[in-house]
Amino acid sequence: MKTPTVAEYVLTRLAQLGIDKVFGIPGDYAFSIDDAVEQIPALEWVVCANELNAAYAADGYARIRGAAILTTTYGVGELSAINGVMGSLTHRVPVFHLVGMPSERLQVQNLITHHNLGDTNYSRFVPISSTAAGVSAILTPTNCVEELERVIREALRLSKPAYIAISELSGYSPLVGTPVTGKPLAEIKRQQSVPQELENAIGSILARLEKAKNPVAIVTALTARYGLRDQVHELLSKINLPTAIAPAEKGSLDESIPQFIGLYHGDFSNPASVKQVIESADLVLDIGGIILAELNAGLFTDNLDRSRMISIRDNHVQIDTKVFVNTAIDDVLAGLLAKVTTRAQAVVSEKVDLLPLLDSGNDKLSSANFYPRLQRCLKSGDTMVIETGTCMMHLNPMVLPEGVGAEGQGLWGSIGWATPATLGVCLAKKSGRTWMVTGDGSHQLTLNEIGVMGRYGIKPVIFVINNDIYGVEDFFSERGHVYDDIARLNYHLLPEAFGCKGWLTAKVGTVAELEDILGKIEKHDGAAYIQVLIPESESQPLPAEVIDRDYKLRVPPVG
Ligand SMILES: Cc1ncc(C[n+]2csc(CCOP(=O)(O)OP(=O)(O)O)c2C)c(N)n1
């Protein structure tokens, strides 16, 4: 058998994880990687509109499949992707970022080439891209086998992106060493535990659970990142604790399970009773490790007593001031599942209900009448992709029907993420529809990915909430700034302009128009793209005292 080149080997090895798409943009320094993608039958190129979009698309794909491949070129390409890669780092999504660098021959001779700053500093970008990722390596023909195994192992262990730089010359060079054949991601044990710590952690959790009178649970997205959704559901059905999620964790749970009580979001919890249920519990079992960033904690209106919390994080468990380290989250969940005593069904005082269907006929569209109708369209197996902005504030508290997943980027919060992420989610899913809701301002950052969606024949259902402003910004400041006005586009004409074939498109302003198009979408086996007119006047500032409270925290008064 012919010895593979370094680039061929790296891509073959990554494909063995179960990855079948490569998102990116080619470039001359990356040709060895770009060519290898074309040559490996298990992989398909997805040529994105720009590198940032490609990073977002890879992030969306990896959220469904567990890992993704992104490829960009030296400097100009990798730097454009960084915001997206850091979003993956924040949300703990393993994306393998392959970057083609100038050849060592050029570097050694101190020749000045393009994508540098007119100098010969070829090590300028490596630290930047490495920091954005979390795990990194520069591969050569002789270190490739070992270094790649380390990078794969560490990226999966930490659930973080990896930066893999390969020079043009190294990429085309034959591999030195014995190739490794890896397992699919689902069969890999990603973290190991120290047995004694694990046993002690599980024992302590069980003892606390045993004593607790009114315990509750919080589940975070980290569990999904480690592929533990099913184990979490199984555990919850056994321990029967009333369970909430915080906004950034939307999609971590099937919201139809009987234990689900809603959104824990400080004073903005939904239903409002969730705040009281969670904060008055004598034990909060935090499965995944809640991150109390201000937007995840109701502008810091949370009041979680650490001494009453057990946090099961990726590789440690914290119970008040006791910390158990090297306890892999899958081992902790498996141990609990095996040993926990089944508790009686949790009493859930208030269930999150479907949103009420308001208005009819020629009534103008508003958030209050749009979201309830969208909610009723979702079916088991579907995924909702949620953009940061006003739509996220409506969609996070909206309960999802059985079997409906959700993906959002509420912690990193880089607007524009959702459109390319939808491309990635669609290409990763094997069944079910992908729905996406975005504000118009966010969509303008990355809407050129619509053309890519058309090219690859995916079938998302896209709603562009058109209020002609950066509306959510008004919640946190006064209304009427010129910098919150945006270009007014005829969004529903874009799919045609971008060459998308067979897309259902419409611009809707009344309830009747919305209901008509939703009926058509249900019957349509194809993509849909709907411009939804929502009045700008909905975007009113939050009450002054709420904003003030937030500002005081950010800028403490002097004296
Ligand atoms: C990349 C990036 N740039 C800027 C921001 C700041 N920002 C947060 S939300 C937002 C406006 C979103 O407006 P739009 O998508 O129109 O949604 P709306 O709230 O109006 O429904 C902006 C500019 C950000 N979060 N990310």
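Located above this text is the structure these notes cover.
All residue numbers refer to positions counted from 1 along the written sequence of the respective chain. Restriction of local features to residues with pLDDT of at least 70 applies here, the model being predicted, together with a cutoff of 80 or more for giving and counting side-chain atom pairs; totals for whole chains, interfaces and linings are based on all residues. The basis for every side-chain value is the complete set of non-hydrogen atoms in the structure, without hydrogens or water.

Visitor: I'm lost on the nonpolar core in this one. Help?
Guide: Soluble, globular proteins show a tendency: their nonpolar side chains are buried together. Buried residues of nine kinds, namely Ala, Val, Leu, Ile, Met, Phe, Trp, Tyr and Cys, make up a nonpolar core once their side-chain atoms join them within 4.5 Å. In this scheme, a residue with accessible area under 20% of its type's maximum is buried, one over 50% is exposed, and one in between is partly exposed, where area comes from a 1.4 Å probe on protein chains only. Core analysis: the largest hydrophobic core is formed by 88 residues, its most contacted members being Val10, Leu11, Phe23, Phe96 and Leu423. Contacts: residue pairs with any heavy atoms within 4.5 Å of one another. Among residues more than four places away in sequence, those in contact with Leu11 are Val22, Ile33, Ala36, Val37, Ile40, Leu43, Ile69 and Leu98.

Visitor: Explain the pattern of salt bridges to me, please; I cannot follow it from the model alone.
Guide: Close approach of charged atoms allows side chains with opposite charge to pair. Salt bridges are defined by distance alone: a side-chain nitrogen of Lys or Arg within 4 Å of a carboxyl oxygen of Asp or Glu. Per the counting criterion, the structure on display carries 24 salt bridges. In this structure, Asp331 engages Lys189 in a salt bridge whose closest nitrogen and oxygen atoms are separated by 2.9 Å. In this pair, Asp331 is assigned in helix H13 (residues 329-339) and Lys189 in the loop between helix H8 (168-172) and helix H9 (195-211), connecting sequence segments 142 residues apart. For Arg229, the salt bridge is made with Glu407, and the minimal N-O distance between the two is 3.8 Å. Of the two residues, Arg229 is situated in helix H11 (residues 229-239) and Glu407 in strand S15 (residues 405-408); the sequence distance between them amounts to 178 residues. For Glu407, a relative accessible area of 6% puts it in the buried group. Each of Asp20, Lys21, Glu44 and Arg65 takes part in salt bridges that share partners, so that together they form one network. Helix and strand labels come from DSSP, where a helix needs a run of H or I of at least four residues and a strand needs a run of E of at least two; each type is numbered from the N terminus.

Visitor: Whenever I open this one, the site of the ligand confuses me. Can you help?
Guide: The criterion for a residue being near a molecule or strand is simple. One of its heavy atoms has to lie within 4 Å of it. The full set close to the ligand counts 14 residues, and Thr390, Gly441, Ser442, Gly471 and Val472 are the nearest of them. Gly413 places a main-chain nitrogen or oxygen 2.8 Å from a nitrogen atom of the ligand. For the purposes of these results, a polar contact is taken to be a pair of N or O atoms within 3.5 Å, where, inside protein, one atom must be able to donate a hydrogen and its partner to accept one; residues adjacent in sequence count only when each atom of the pair is a side-chain atom. Asp440 places a polar side-chain atom, nitrogen or oxygen, 2.9 Å from an oxygen atom of the ligand. Areas reported here follow the Shrake-Rupley algorithm with a probe of radius 1.4 Å; residue values treat only the protein chains shown as occluding. Protein contacts shield 78% of the accessible area of the ligand, which totals 600 Å² for the unbound molecule. Broken down by secondary-structure element, the contributors of at least two residues to the shell around the ligand are helix H17 (440-446) and helix H19 (471-476). Here the nonpolar group is Ala, Val, Leu, Ile, Met, Phe, Trp, Tyr, Cys and Pro; Asp, Glu, Lys and Arg are the charged ones; every other residue, Gly included, is treated as polar. When the residues that make up the shell around the ligand are grouped by side-chain class, the tally is four nonpolar, eight polar and two charged.

Visitor: I keep staring at the sheet that holds strand S2 (residues 44-47) and nothing clicks. Help me out?
Guide: Where strands meet in a sheet, backbone hydrogen bonds hold them as pairs that are either parallel or antiparallel. Any two strands are treated as partners once DSSP identifies two or more bridges connecting them. Taken in spatial order, the six strands of this open sheet run S2-S1-S3-S4-S6-S5, and their pairing is parallel. The open sheet has two edge strands, S2 and strand S5 (135-139), and neither has a second partner. Strand-to-strand, the axes of this sheet are offset by a mean angle of 25°, without reference to chain direction. Relative to strand S6 (residues 162-167), S5 runs parallel, the two sharing five bridges. Helix axes use the C-alpha atoms of the stretch in contact, all axes being lines fitted to C-alpha atoms, and the angles between their N-to-C directions lie in the range 0 to 180 degrees.

Visitor: Whenever I open this one, the packing of helix H3 (residues 51-65) against helix H4 (residues 76-90) confuses me. Can you help?
Guide: When two helices pack together, you describe them by how their axes are tilted relative to each other and by the distance separating the axes. Put simply, H3 and H4 touch, their axes get as near as 7 Å, and they point 30° apart. Regarding the angle of H3 to H4, the classification is roughly parallel. With respect to the hand of their crossing, H3 and H4 are arranged in right-handed fashion. Seen from H3, the contacting residues are Glu51, Leu52, Ala55, Tyr56 and Asp59; seen from H4, they are Gly77, Ser80, Ala81, Asn83, Gly84, Val85, Gly87 and Ser88. Of the residues contributing to the contact of H3 with H4, the split by class is five nonpolar, six polar and two charged. An angle below 35 degrees is treated as roughly parallel, one above 145 as roughly antiparallel, one from 65 to 115 as roughly perpendicular, and anything else as oblique. We call a crossing left-handed when the near helix sits turned anticlockwise from the far one by less than a right angle, and right-handed when that turn is clockwise.

Visitor: When you look at the pairing of strand S14 (residues 383-386) in this model, what are you seeing that I'm missing?
Guide: Working note: regular strand, side chains alternate between the two faces of the sheet. Both faces of S14 are covered, namely the face carrying Thr383 and Val385 and the face carrying Met384 and Ile386. Where S14 and S15 come together, four bridges link them in parallel fashion. Bridge pairing in S15 links Val385 to Glu407. Think of it like this: strands point away, you trace from the first strand over the helix to the second, and a clockwise trace means the crossover is right-handed. Chirality of the crossover, the property in question, places the unit of S14, helix H15 (residues 390-395) and S15 among those that are right-handed. In this sheet, strand S16 (residues 434-439) lies alongside S14 in parallel orientation, the contact comprising four bridges. Residue Met384 lies in a different strand from S16, and its bridge partner there is Trp435.

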